[in-house]
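Each chain, written out:
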Amino acid sequence: MNERFVRRLTGVSGIVTAAALIVEVPLYFVYSGPPPDANVLTRLLLGIVGITSLAVFVTSFRELVRLARPDYEWAGSMASALGLVYTAVALVSTGLEAGAVIAADRPVDPTITVSGTYILYGTISRLLLALFLATLGLVVCRTDLLPRWVGRSAYVLAGVNLVFVPSLFFGNTPAHFYAANGWGTTALMGALLSYWLLAVGISTYRSSTRRQVMAASGDR
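Labelled according to an unreviewed UniProt entry, the protein appears under the name Integral membrane protein, originating from Streptomyces sp. 900105245.

**Thoughts on the overall build of the protein**
Within the protein one finds 7 helices and 0 strands. Its helices and strands taken in sequence order, the protein reads α-α-α-α-α-α-α from the N to the C terminus. Here the protein has a C-alpha radius of gyration of 18 Å; the compact-globule value for 220 residues is 17 Å, and the two agree. By its C-alpha atoms, the protein is 70 × 30 × 20 Å across when sized along the principal axes. By residue count, 45% of the 220 residues in the protein fall in the buried class. In the protein, of all internal contacts separated by at least 6 residues, the share reaching a separation of at least 24 is 70%. When the accessible surface of the protein is totalled, it reaches about 10300 Å², and 69% of it is carbon and sulfur.

**Let's talk about the UniProt feature "transmembrane region" (unreviewed entry) in the protein**
Mapped onto the present numbering, the UniProt feature "transmembrane region" (unreviewed entry) falls on residues 12-31, 43-61, 81-103, 118-141, 153-171 and 183-205. In residues 43-61, helix accounts for 100% and strand for 0%; the two terminal C-alpha atoms are 26 Å from one another. The straight-line gap between the two end C-alpha atoms of residues 153-171 is 30 Å; of that span, 58% is helix and 0% is strand.

**A few points about the nonpolar core**
In terms of nonpolar packing, the biggest core is built from 32 residues, with F57, F132, L136 and W196 touching the most fellow members. Listing elements by their share of this core, those giving two or more residues are α2 (37-68), α3 (73-103), α5 (118-143), α6 (148-163) and α7 (184-219). A total of 8 residues in this core trace back to one element, the largest contributor, which is α5. Residues in contact with W196, not counting those within four places in the same chain, are L133, L136, V150, S153, A154 and L157. L44, A98, V101 and V108 belong to the second-largest nonpolar core, a separate cluster that totals 5 residues.

**With respect to α6**
Between the first and last C-alpha of α6 there are 24 Å, a value that for 16 residues agrees with the 22 Å anticipated at 1.5 Å per step. Turning to α6, its buried residues number three or more, namely V150, G151, A154, L157, A158 and N161. An end-on view of α6 places all buried positions within 125° of arc, on one side of the element. Within α6, the exposed residues directed more than 90 degrees away from the buried face are R152, V156 and V163.

**Considerations on the environment of G116**
If you trace the backbone, G116 turns up in the loop between α4 (110-113) and α5. Residue classification places G116 among the partly exposed residues on the basis of a relative accessible area of 43%. A sequence separation of 63 residues divides G116 from S53, and the C-alpha atoms of the two residues are 24 Å apart.

**Points about the packing of α2 against α5**
Contact geometry for α2 and α5: axes closest at 12 Å, N-to-C directions at 30°. Classified by the interaxial angle, the pair formed by α2 and α5 is roughly parallel. The two elements α2 and α5 meet at a crossing, and its hand is left-handed. Of α5, the residues touching α2 (which contributes L44, F57, V58, F61 and V65) are Y121, F132, L136, V139 and V140. Its residues assigned to classes, the contact of α2 with α5 comprises 10 nonpolar, no polar and no charged.

Conventions we followed
Counting from 1, residues in each chain are numbered in the order their sequence is written. In view of the model being predicted, local features appear only for residues whose pLDDT reaches at least 70, and side-chain atom pairs are presented and counted only at 80 or more, with totals across whole chains, interfaces and linings using the full set of residues. With hydrogens and water excluded, all non-hydrogen atoms of the structure serve as input to the side-chain values. A helix here means a DSSP run of H or I that spans at least four residues, while a strand means a run of E at least two residues long, and both kinds are numbered starting from the N terminus. In this treatment the radius of gyration is a C-alpha quantity, and the globule benchmark scales as 2.2 Å times the residue count to the 0.38 power. Remark: exposure states derive from per-residue accessible area (1.4 Å probe, protein chains only) relative to the maximum for the residue type, with buried under 20%, exposed over 50%, and partly exposed in between. Here, residues are in contact when the closest pair of their heavy atoms is within 4.5 Å. The Shrake-Rupley method, run with a 1.4 Å probe, gives the accessible areas here. Residue values count only the displayed protein chains as cover. UniProt positions are given in the numbering used here, feature names are shortened, and annotations may be inferred rather than shown by experiment. Remark: nonpolar core denotes a set of buried residues (Ala, Val, Leu, Ile, Met, Phe, Trp, Tyr, Cys) joined through side-chain atoms within 4.5 Å. One fewer than the residue count of a helix, multiplied by 1.5 Å, yields its expected span. Arc definition: directions from the helix axis to the C-beta atoms. Fitted lines through C-alpha atoms serve as axes, helices being fitted only where they are in contact, and the angles separating the N-to-C directions of these axes extend from 0 to 180 degrees. When describing relative orientation, an angle under 35 degrees is termed roughly parallel and one over 145 degrees roughly antiparallel, while 65 to 115 degrees is termed roughly perpendicular and anything else oblique. In this scheme the handedness of a crossing depends on how the near helix is turned from the far one: anticlockwise by less than a right angle means left-handed, clockwise means right-handed. When residues are sorted by character, Ala, Val, Leu, Ile, Met, Phe, Trp, Tyr, Cys and Pro go into the nonpolar class, Asp, Glu, Lys and Arg into the charged class, and all the rest, Gly among them, into the polar class.

Structure representation (structure tokens):
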């Protein structure tokens, strides 16, 4: 597996993740009351696609670090491990919501009724993402594998996620900005991650072409 292929795989998986999450998030705000099952299951399916693609992104990022900068393989492995744990937590949360909706004999709002997901989507996810992003930022800033803005923005986004870690102390009303399952803690953070991944995915994919051109120029 060569570096060019890994860069393209990392870029494409980041773009797919972002696309799925960007479409998913607005579906949470279509209905003011319990949404119909079709709405909930559609957004959960999009989430499953996005999170699965994110698992590919974090795994291929680790491989990119291993190929290009073996001296930072430990950090790439740490970022990948944290990212994979986050995807597992997100998939479990999605499964709990989908199961509740499928089993219910009437429309339910799983963001309220499925209490087991409150801190899975909130505090736990925020902490895992903060550590993942901080580690990724460290790797990028120290190795120049990607443009410097990727590492710096990862640091900023990690800090924003940390701000929402204490949200478990502030109730369970989704309409509140800062709550265990509030729209700021969950939807806003998901939107920020998705647009960041879109930018990083595009930049990573384009970097494979630039590095190929640079290598060809060097051969001459």
